[in-house]
Amino acid sequence: MKSIMMIFLSVLFTHALVAQNEKYTNAMKKNIAELESAMQKGAMPDLANNFLRIADAEKTQWLPYYYASYCTVMNAFMEQDKTKTDGIADKAEELIKKAEELAGGENSETCVIKSMIASAHLMVDPQSRWMQYGQTSGVHIAKAKSLDPDNPRPIFLEGQGKFYTPEQFGGGKAPAKELFTKALEMFDKFKPTSELHPSWGRSATNYFLAQCN
Amino acid sequence: MNPRPVLRTAKKENRNFGKNGSIQLLLFVMFLLFADNVIAQTTISGKVKDNKGKPIPGASIAIKDTYDGGTSDSLGNYRFKTSEKGEQILLASSIGFKILEEKINITDRSIQIDFVLKEEPNELKAVVVSAGTFEASDTKRTTVLNPIDIVTTASANADVTGAIRTLPGTQQVGESEGLFVRGGTAQESKVFIDGTMVNNFFFSSVPDIAQRGRFSPFIFKGTVFSSGGYSALYGQALSSVLLLESVDFPERSSASLGISTVGLSGGYQQLSKKKNASWGISYAYTNLELYYRIVKQKPDFFRKPALHNSEANFRIKTSRTGILKFYGYFNWSDLGIRRPDIDSAVLKNAFSLKNLNMYSNLSWREKLGSKWKMNIGLSYSTNTDDIQQKLQDQGNKELEFTGEPYASKWFDLTSKADLAQVKAVFDRRLAGLSVLRFGGEYLASRDRSDFTNYFVTKAKNKFDDHLKAGFVEADIYLTNDIAAKVGTRIEHSSVINKTNLVPRISLAYKAGDNGQFSAAYGIFYQKPDRQILLFQRQLDYSKATHYILNYQKVSRNYTLRTEIFYKKYQGLIKTGIDTTNLGYGDAKGFEVFWRDRKTFKNVDYWISYSYLDTKRDYLNFPFAITPNFASKHTASLVLKKFVTKMKTQFNGSYTFATGRPYYNIRYSQSENKYKIADQGRTIPYNSLSFSVNYLPDIGKTDAKRFTVFVFSVTNVLNSKQVFGYNYSYNGLVKEAVVPPARQFFFIGCFLSFGVDRSQDVINSNL
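Residues numbered from 1 in each chain as written. Chains lettered and ligands numbered in written order. Predicted model: local features only at pLDDT ≥ 70, side-chain atom pairs only at ≥ 80, totals over all residues.

## A few points about the overall build of chain B
So the rule is basically this: For helices the rule is a DSSP run of H or I covering at least 4 residues; for strands it is a run of E covering at least 2, with both sets numbered from the N terminus onward. Whether a residue is buried, exposed or partly exposed follows from its count of other C-beta atoms within 10 Å of its own C-beta, namely 20 or more, 12 or fewer, or something in between, respectively; the C-beta atoms are built from the backbone. In this description, any two residues whose backbone-derived C-beta atoms lie within 7 Å of each other are considered to be in contact.
In terms of regular secondary structure, chain B is built from seven helices and 40 strands. Residue burial in chain B is summarised as follows: out of 766 residues, 35% are buried. The contacts in chain B between residues at least 6 apart in sequence include a share of 61% that link residues at least 24 apart.

What follows is the structure, encoded as structure tokens:
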């Protein structure tokens, strides 16, 4: 009886751990898989909330906070009412800071998000915010590149920046195309640390590259 | 990691099973492995609304510490399924709202639960007490103007007050400097930099020619212009305060160079690697010799205006939230003007002015804990005007006449003013957004004059004043939508040995999404001007009482602001026979401001209109009359258009003001009183100004150099402008006061060489 008891307890314990871990992985995978479609359906707020629930329940994982921040900043970009953009971007900032705390400091991926947050603030009033947020955004991209030279996302962001900058200001399709092409090559080589680690950006790069032609 | 409740209950049950045999146990383990899929799911749904009953889309509803939850749709409805059971906490949250917790007991039955979320106290969304106030700042709040607007207003020529003059409430006065606000004189408007008052904000007066503000608009990041009803933190201004906030840290280290039709400038700013300290120096030399040769001026400038200007600053981050800032300014200028004498066909008046001005400001801002904030400012300034007026013959040779009116037309005057002050303001955060603010200030000033003419030699006058003030003010937010600012201020001036205590109250109520009503009431005291106090000190404060009602609607693209006001003056200074406080007056009017950034593509414009009805009896006025600085109607249109393709911004501004009254007030010996011998009204004032800023390096994020070309011209249409009339001694001749030249042209190129240190920044943060 005692041994059966032991077996039972170990089964139970392992099950609890595995189930928890599997549940986390499955939930994350499911939501990560929805990133692209959510973008098109305008379901980014839903997805942000999904990641945030996982983050708050898990308490020790940085990735759910990272994704919650990513979804939130994307949401800031899509918000039509510009008076709301700053508030949403501030929320994204709060989330990425939590992610960085859990990740033990900033990394290339969190810098990518921080650059996007600065760009979201910039978009509210480009003329008067350019000096402040334009530079912040650029510094974070540069930092993202130096923390992981193989990360294609900062290159993609740079390309996107060029794409939306008028030719007269040194932007335009030609310099953007160069960067998108480079980003695409890097996406081919890029191996995320795990299946839950960030791997987004390839299809957006393809989309923009098509626009450049 | 919290074990999930399902497992917790399972553990308890297991003990009972365990005693009954291994088959059941095995079955249970099997059951357990599939438990997640087997347990029936419960639906939780409802609606999320704000306290006004409007649905909140995108709100998060979550069962605390679980993955389960949902998001509200565009109608505020949410619905999700959960396998959780028993007592749980449901959390509802949305950006900008307070999080709401609700205890629920989940059984197999579906749950319907609605949430009403309360708005988070939010500085950006909350109502702002805005009666009387225009703000241009960098903060995220939607402001009426932003700092760039100040420097790109066509008529301003990079003078802060030039841009302010396109706002409602101000007068277009071309013959003397300062802000004339709502029937008030220039002396009734005071300028504050980082909280402390600035003496001699404008260059020293020259007869009949308005002078510019001394300070570059580029050193300020925030500007608040109040045309009435301002806070208890500010005193000694009957009409208006202009609050300027200096920049914190520069974006990066850089060197700058400027060359223009009026001079040369250069500067250097160094920002430390950790961005926690910076210093800078700059120097500018202005000389109008060349410009006046090309663009003829009507008075003969026998000494062309020349200025040496140098500045220094440093800023130190004292903590995560604190900063210590120093700004020092030194200016030396010289000019001489010769005009025909109004009383004689053969004589000339030669006026010359040498000015030395130094200003320094040290301010310290710090957050003390989460509730306290502190602002301490110290400033010292000294100003010396060396004025000579001479009578000259046609060959510009000096003559000394003994009889009137000529005897009093030549003199030497040295005038010196020093001001040292300290001001401390403490903020204590109360519940929500409410704040209690209190502090005090101490201003020690010394004014001296040394006068020599035919009648007196080295007549010295001097007075010292110690002005002490204390103030308390509370910003009370009843909700995000209703706010009050209630304050009081007590002052004592030693030179007149009088104390005053005043109330200042304003209220704001948010009506609709972007609209709000505000009202303000306050009493304002000011001691007599230095020119009066040098000779007579048995006087009291002058007093103004403001009543203001305001409605404004500010959104990202449109701003509408309307205001009506009534201002009552008491105790104004009367001169002439005796110097007393028996003057009085009032001013009433309404103002409209409209700004539109959207209707026309890439065009941003604003229109302001002021109606002013004012009368006062002061100085030597025989009775209450409309003063010569007040136009009934004033309107401005300011337009800005950025053409991306050309990297050029085009700015235009047009200002119109109806004619101002002018008087010849003469003393009648027989009646022993002052009388109006002649009066009239000037022609209306028109000025169309235009400026172009070309920015070839804009948008280049990696540019090491930033260049700005500026071209501007005032009074494009060459309209005749008359600011008033001067009368001869016998009253038979009157001469129009006109600007030295109708138009002013400016061409300049300003380069900033950014020492691009972004790589250092990255490395230091790694």
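Moving on, there is more to tell.
## With respect to the overall build of chain A
Along the backbone of chain A there are 10 helices and zero strands. Taken along its principal axes, the extent of the C-alpha atoms in chain A is 80 × 40 × 35 Å. Buried residues in chain A amount to 43% of all 213 residues. Expressed as a percentage of contacts within chain A between residues at least 6 apart in sequence, the contacts between residues at least 24 apart total 58%.

## Notes on the nonpolar core
Basically, it comes down to this: The term nonpolar core refers to a group of buried residues, namely Ala, Val, Leu, Ile, Met, Phe, Trp, Tyr and Cys, whose C-beta atoms join them within 7 Å.
Judged by nonpolar contacts, the single largest core of 60 residues is most densely connected at Val-160, Ile-164, Phe-192, Val-198, Val-241, Leu-242 and Leu-244 of chain B. A per-element tally of this core places strand β13 (residues 240-246) of chain B first, with four residues. Excluding its chain neighbours within four sequence positions, the residues that come into contact with Leu-242 of chain B are Ile-164, Leu-179, Ser-189, Val-191 and Phe-225 of chain B. The next biggest cluster of nonpolar side chains, apart from the first, holds 52 residues, and it includes Leu-95, Ile-141, Phe-156 and Leu-179 of chain A.

## Side note on the environment of Ala-420 of chain B
Residue and element names in this part refer to chain B. Along the polypeptide, Ala-420 turns up in strand β22 (residues 411-429). Residues Ala-420 and Leu-378, spaced 42 residues apart in sequence, show a C-alpha to C-alpha distance of 7.6 Å. Beyond its immediate stretch of four places on either side in the chain, Ala-420 contacts Tyr-380 and Ala-444.

## Comments concerning the sheet that holds strand β5 (residues 86-93) of chain B
Residue and element names in this part refer to chain B. Applied cut-off: When DSSP finds at least two bridges between two strands, those strands are taken to pair. Here, axes are lines fitted to C-alpha atoms. For helices the fit covers the stretch in contact, and angles between N-to-C directions go from 0 to 180 degrees.
Pairing within the open sheet is antiparallel, and its four strands lie in the order β3-β2-β5-β6. Edge positions in the sheet fall to β3 (69-71) and β6 (100-106), since each has one partner strand and no second. Direction aside, neighbouring strands of the sheet carry axes that sit 20° apart on average. By the bridge criterion, seven bridges tie β5 to β6 in an arrangement that is antiparallel. Among the inter-strand pairings, Gln-88 is bridged to a residue of β6, identified as Ile-104.

## A closer look at the packing of helix α6 (residues 108-124) of chain A against helix α8 (residues 152-164) of chain A
Residues and elements named next belong to chain A. Definition in use: Each angle receives one of four descriptions, namely roughly parallel if under 35 degrees, roughly antiparallel if over 145, roughly perpendicular if within 65 to 115, and oblique otherwise. Handedness of a crossing follows from how the near helix is turned relative to the far one, being left-handed for an anticlockwise turn of less than a right angle and right-handed for a clockwise one.
Interhelical geometry of α6 versus α8 gives an angle of 20° and a closest axis separation of 9 Å. Taken together, the axes of α6 and α8 lie roughly parallel to each other. Considering the relative orientation of α6 and α8, their crossing is left-handed. For the pair α6 and α8, the contacting residues are Val-112, Ser-115 and Met-116 in the first and Arg-153, Pro-154 and Leu-157 in the second.

## Structural notes on the confidence of the model for chain B
Low pLDDT marks stretches whose predicted atomic positions should not be read closely. All names here are of chain B. Note the following rule: Residue-level confidence of the predictor is summarised by pLDDT, bounded by 0 at the bottom and 100 at the top.
Overall, the prediction assigns chain B a mean pLDDT of 88, with 90% of residues at 70 or greater. Segment residues 1-19: pLDDT under 50, and 17 contacts once partners within four positions in sequence are set aside and those in other chains are kept. When the criterion is pLDDT under 50, residues 756-766 qualifies, and its contacts beyond four places in sequence or with other chains add up to 15 contacts. For this predicted complex, the interface score ipTM comes out at 0.84, alongside a pTM of 0.81.

## Some remarks on the confidence of the model for chain A
Overall, the predicted model of chain A reaches an average pLDDT of 88, with 90% of residues at or above 70. The spread of mean pLDDT over the elements of chain A runs between helix α1 (residues 2-33) of chain A, the lowest at 75, and helix α4 (residues 62-78) of chain A, the highest at 95.

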